[in-house]
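Remarks on the overall topology
Residues per chain are reported as follows:
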Amino acid sequence: MCGIVGYIGRNDAKEILLKGLEKLEYRGYDSAGIAVQNNEGIHVFKEKGRIADLRSVVDDNVLGNTGIGHTRWATHGVPSKVNAHPHQSTTERLTLVHNGVIENYSILKREYLEGVQLKSETDTEVIVQLLEKFVNEGNSVEDAFRQTLTLLKGSYAIALLDKENDETIFVAKNKSPLLVGLGEEFNVVASDAMAMLQVTDQFVELMDKEMVIVTKEKVTIKTLEGTVVERDPYTAELDASDIEKGTYPHYMLKEIDEQPAVMRKIVQSYRNDDGSLSVDEDIIGAMNEADRIYIIAAGTSYHAGLVGKQFIEKMAKIPVEVHVASEFSYNMPILSEKPLFIFISQSGETADSRAVLVQIKEFGYKALTVTNVPGSTLSREADYTLLLHAGPEIAVASTKAYTAQLAVLAILASVTAASKGIEIDFDLTQELGIVANAMDVLCDAKEEFEEIARNFLSTTRNCFFIGRALDYYVGLEGSLKLKEISYIQAEGFAGGELKHGTIALIEEGTPIIAISTQEHVNLSIRGNVKEVVARGANPCIISMKGLNEEEDSFVLPEVHELLTPLVSVVPLQLISYYAALHRDCDVDKPRNLAKSVTVE
Ligand code: F6R
C-alpha cells in the first residue's frame, strides 16, 4: 500500500521518479506526488488521481538530481491534493514521503506539536513536523530523524529530503517494505525493485528499525542506536518484460493467459533430475513433525488455503485449519502441541498475515511462507519459504498467483505424503501437465466467456456463485474476483446453504453461477440449481466433462478430481474480467483497492 521511490545521482531525477511511480501504481492510485531538489530548493508537485494526472501538473522546466516520489492508498484523510505526499514542514526545509500507519500520531501531535498548524489530515505530516521541531532545537537532520523514529509507533517506510543538503536522501523503515538500489554515481530507493529496474538490478534489503543515509556515491545503513551495518547487495532476478503489458489491454488478461506457463514452470522448479517432485527437506521435516497445520492468509490467498487444506489432508493426512489472518489473534484456536504455520501470501507483505507471524514466532512456533516474492517480509521472517514462480503479478485482482498457490500446495502435500510412505493414486507431475493443457483450452475460449459475461452480468446488480465440496471454495474465489473488479454484489455459497436464508434474495433473472466438477456432489448441486431456477434465477452451469448435461453453459476439459479448482477458476476469472469490461470498470486498478495490503 502506497509506493515510494527516491533517486539521487547524475541525471534529472524527475522522469526516473515518475517512471518508477508508474511501476508502483498497483500499490495505491488515489493521489501521487514528487519532490525534485536542486540548488535552488525543493519543488513539490502533487495531484489527486493517477500518475498520469500528476504528470500533467509537473513543471518540465524544473530539473534536479535528487528527488522522492509517492503514490498513495489513503488511510488517514480522503484522497486529495492536500493529503497527497510529499508533505513538508512549516518552513519547507524538510520534505518527506511515507508508507505505513503511525498509530500514535494524535498522541505525538498533542504532546510535541502544540501550536503547529497542520495542513493535511494525514498521520505523515506529524512526522515531518516532529523532525522540524527537533532540527529547530539544534539537532542535525540525521539526529532529528533518529529521535523522531524512536517516537513512532506503527509501520513506516520513509524517504526524506533536507532543503539545506541536496546531497542526501534520508531513509528508514519499520514493517513497511523498502529497498535501496545501487548504481554508478547514483543510488535509488523503492518500495519494490520493479520500480527501479529501469536503472539498476542491484538492491540492498533494509531491516526494520534501520535508517539509511543515501548519497550518490554511498549507502550507509545504521541501526537506530547508530551502529553501522554492512550488507551485500543482491541481483533482482526480474526481467523488465515481465512487468510490461506487451500487447495486452490489461495486466489481468495477460496474467490469466500466463497460467498454463506458470504451471509448467512450477513443475520444472520443483522437479528433481530423476523427474520426481521435491521440496526442501527441512520443510518436509517440519511438515512431518507437525501434529496440525494452521494456514493463515487473506482474500484470494485465504481461498487458496481452503483448497490447500483439502490437498494436505487428503494426500499427506495431516489435519489442517485455515484462518483469516486479520481475525486470528482475536479468535485464536486452542493450538495443538506441535503446530506448523503456513502463511500464504502472493506479495509476502500483507500486514494482517505478518502480525500473526510475529505473534506465533514469539510463541516459538515454526512458520513456512508460500509466496511469489523472494525476499519479501513474510519470506524473510518465516523459517522456510516456498516460491510460487508465477512472475510479477501486477493487476490488483489476483489470478495466476492463486492457481500457482494451489499447484505449490499440491506439490507440498504430495511430497510430504511420499516422505511418509503414503501412496497417492495419481502422478501429480503428469496431472499438473494436464491442468496446464486444460488452462490453454480455457484461455483460447475467451469469446465464450465474454458472451457469458454479456448475457448474465452486463446489467445485473448481484450474482451468486454456488458449489459443493472443492467447488464451493472456487465459488468463493469467483465471487471475490467478480465483485472486486466489476462492483457487482457477488457472494459465494455452499450449494446446500443458500436455502437457509440467502435464497430470499433470488428474484426473476438473478444470475447464479454453479460449478460442478465433483462427481459425488454433482446431483446435489444440480438439485440446488433447480431450487433457485424455480424462484426465477438465471443459471449458468460450468461443469466438468463427464458430468455435463445439455443445459450447461460451459464444459471444462477433464482433469483429476482433486485438482479441478486449478481449472474451474479460470472461466470465473475470465467472466469477471469481461463483466468488468462491459461495465466500463478499470480492470487493473479497481476503485478503493491496492495490490499489496501493508496496513492492518
Ligand atoms: C484479490 C486479492 C486479495 C489478496 C489479499 C492477500 O484479488 O488479490 O484478496 O489475495 O489482499 O494478499 P497477499 O496474497 O499478497 O497476502
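Heads up: the structure comes first, above all this text.
Residues numbered from 1 in each chain as written. Predicted model: local features only at pLDDT ≥ 70, side-chain atom pairs only at ≥ 80, totals over all residues. Heavy atoms only, no water.

Side note on helix α14 (residues 428–443)
- Its 16 residues give α14 an end-to-end C-alpha distance of 22 Å, which sits within 8% of 22 Å, the value for a rise of 1.5 Å per residue.
- Residues of α14 that are buried: Leu428, Thr429, Glu431, Leu432, Val435, Ala436, Ala438, Met439, Leu442 and Cys443.
- Check the buried side of α14 and you find it contacts α6 (251–257), α7 (259–269), α13 (400–419), α15 (446–457), β25 (554–556) and α18 (564–582).
- The distance from a side-chain oxygen at the start of α14 to the backbone nitrogen of Thr429 is 3.1 Å, and the residue carrying that oxygen is Asp427. (Helix = DSSP H or I, 4+ residues; strand = E, 2+ residues; numbered from the N terminus. Expected span 1.5 Å × (residues − 1). Buried < 20%, exposed > 50% of the residue type's maximum accessible area, 1.4 Å probe, protein only. Contact = heavy atoms within 4.5 Å. Polar contact = N/O pair within 3.5 Å; in protein donor to acceptor, adjacent residues only side chain to side chain.)

Description of the sheet that holds strand β18 (residues 339–345)
- Strand order in the open sheet formed by five strands is β17-β16-β18-β19-β20, with parallel pairing between adjacent strands. In this open sheet, the two strands that pair with only one neighbour each are β17 (320–324) and β20 (384–387). Strand-to-strand twist in this sheet, taken as the mean axis angle between neighbours without regard to direction, amounts to 20 degrees.
- Examined bridge by bridge, strand β16 (residues 292–297) and β17 share five bridges and lie parallel to one another. The partner of Ile295 across the bridge, within β17, is Val322.
- Its contacts with the sheet place helix α8 (residues 281–289) against β16, β18, β19 (366–371) and β20, and it is angled at close to 110 degrees to β20.
- Across the sheet, α13 is in contact with β18, β19 and β20; its angle to β18 comes to roughly 155 degrees. (Pairing = 2+ DSSP bridges. Axes fitted to C-alpha atoms, helices over the stretch in contact; angles between N-to-C directions.)

Examining the site of the ligand
- Around the ligand, the surrounding shell holds 15 residues, and the nearest of these are Ser301, Ser345, Ser347, Thr350 and Glu484.
- Within the contact set of the ligand, an oxygen atom lies 2.6 Å away from a side-chain nitrogen or oxygen of Ser347.
- Ser398 is positioned with one of its backbone polar atoms (N or O) 2.9 Å from an oxygen atom of the ligand.
- Protein chains shield 90% of the accessible area of the ligand, which is 410 Å² for the free molecule.
- Those elements that place two or more of their residues in the shell around the ligand are α9 (299–316) and α16 (470–486).
- For the shell around the ligand, the per-class residue count stands at five nonpolar, eight polar and two charged.
- For the shell around the ligand, the two domains that each supply at least three residues are domain 2 (248–435) and domain 3 (445–600). (Near = heavy atom within 4 Å. Areas by Shrake-Rupley, 256 points an atom, 1.4 Å probe, with all protein chains shown as cover. Nonpolar A, V, L, I, M, F, W, Y, C, P; charged D, E, K, R; others polar. Domains from an automatic or database assignment.)

Looking at the packing of helix α3 (residues 105–112) against helix α4 (residues 124–136)
- Two elements in contact, α3 and α4, have axes whose closest approach is 10 Å; the angle formed by their N-to-C orientations is 30 degrees. Regarding the angle of α3 to α4, the classification is roughly parallel. The crossing of α3 and α4 is left-handed. Of α4, the residues touching α3 (which contributes Tyr105, Leu108, Lys109 and Tyr112) are Val126, Leu130, Lys133 and Phe134.
- Taken together, the residues that form the contact of α3 with α4 break down as six nonpolar, no polar and two charged. (Parallel < 35°, antiparallel > 145°, perpendicular 65-115°, else oblique. Left-handed = near helix turned anticlockwise from the far one by under 90°.)

With respect to the pattern of salt bridges
- Counting across every chain of the model gives 32 salt bridges.
- Salt-bridge contacts for Lys589 lead to Glu25; the nearest nitrogen and oxygen are separated by 3.4 Å. Separated by 564 residues along the polypeptide, Lys589 in the segment after α18 and Glu25 in the loop between α1 (13–24) and β2 (31–38) bring together distant segments of the chain.
- In this structure, the salt-bridge partner of Arg146 is Glu142, at a minimum N-O distance of 3.0 Å. With a gap of four residues between them, Arg146 and Glu142 both fall in helix α5 (residues 141–151), about one helical turn apart. Like Glu142, Arg146 is buried. (Salt bridge = Lys/Arg side-chain N within 4 Å of Asp/Glu carboxyl O.)

What about the pairing of strand β11 (residues 202–205)?
- Bridge count for strand β9 (residues 179–182) against β11 is four bridges, and the pairing is antiparallel. Residue pairing across strands places Leu179 opposite Glu205, the latter belonging to β11.
- Pairing analysis gives two bridges linking β11 to strand β15 (residues 234–235), with the strands arranged antiparallel. Of the residues in β15, the one forming a bridge with Phe203 is Tyr234.

Structural notes on α15
- Under the 1.5 Å per step criterion, the end-to-end length of α15 is 16 Å for 12 residues, consistent within 8% with the ideal 16 Å.
- Among the residues of α15, Lys446, Phe449, Ile452, Ala453, Phe456 and Leu457 are the ones counted as buried. Summarising the axial view, the buried residues of α15 lie within an arc of 120 degrees, below the 170-degree limit, and thus occupy one face. (Arc of directions from axis to C-beta.)

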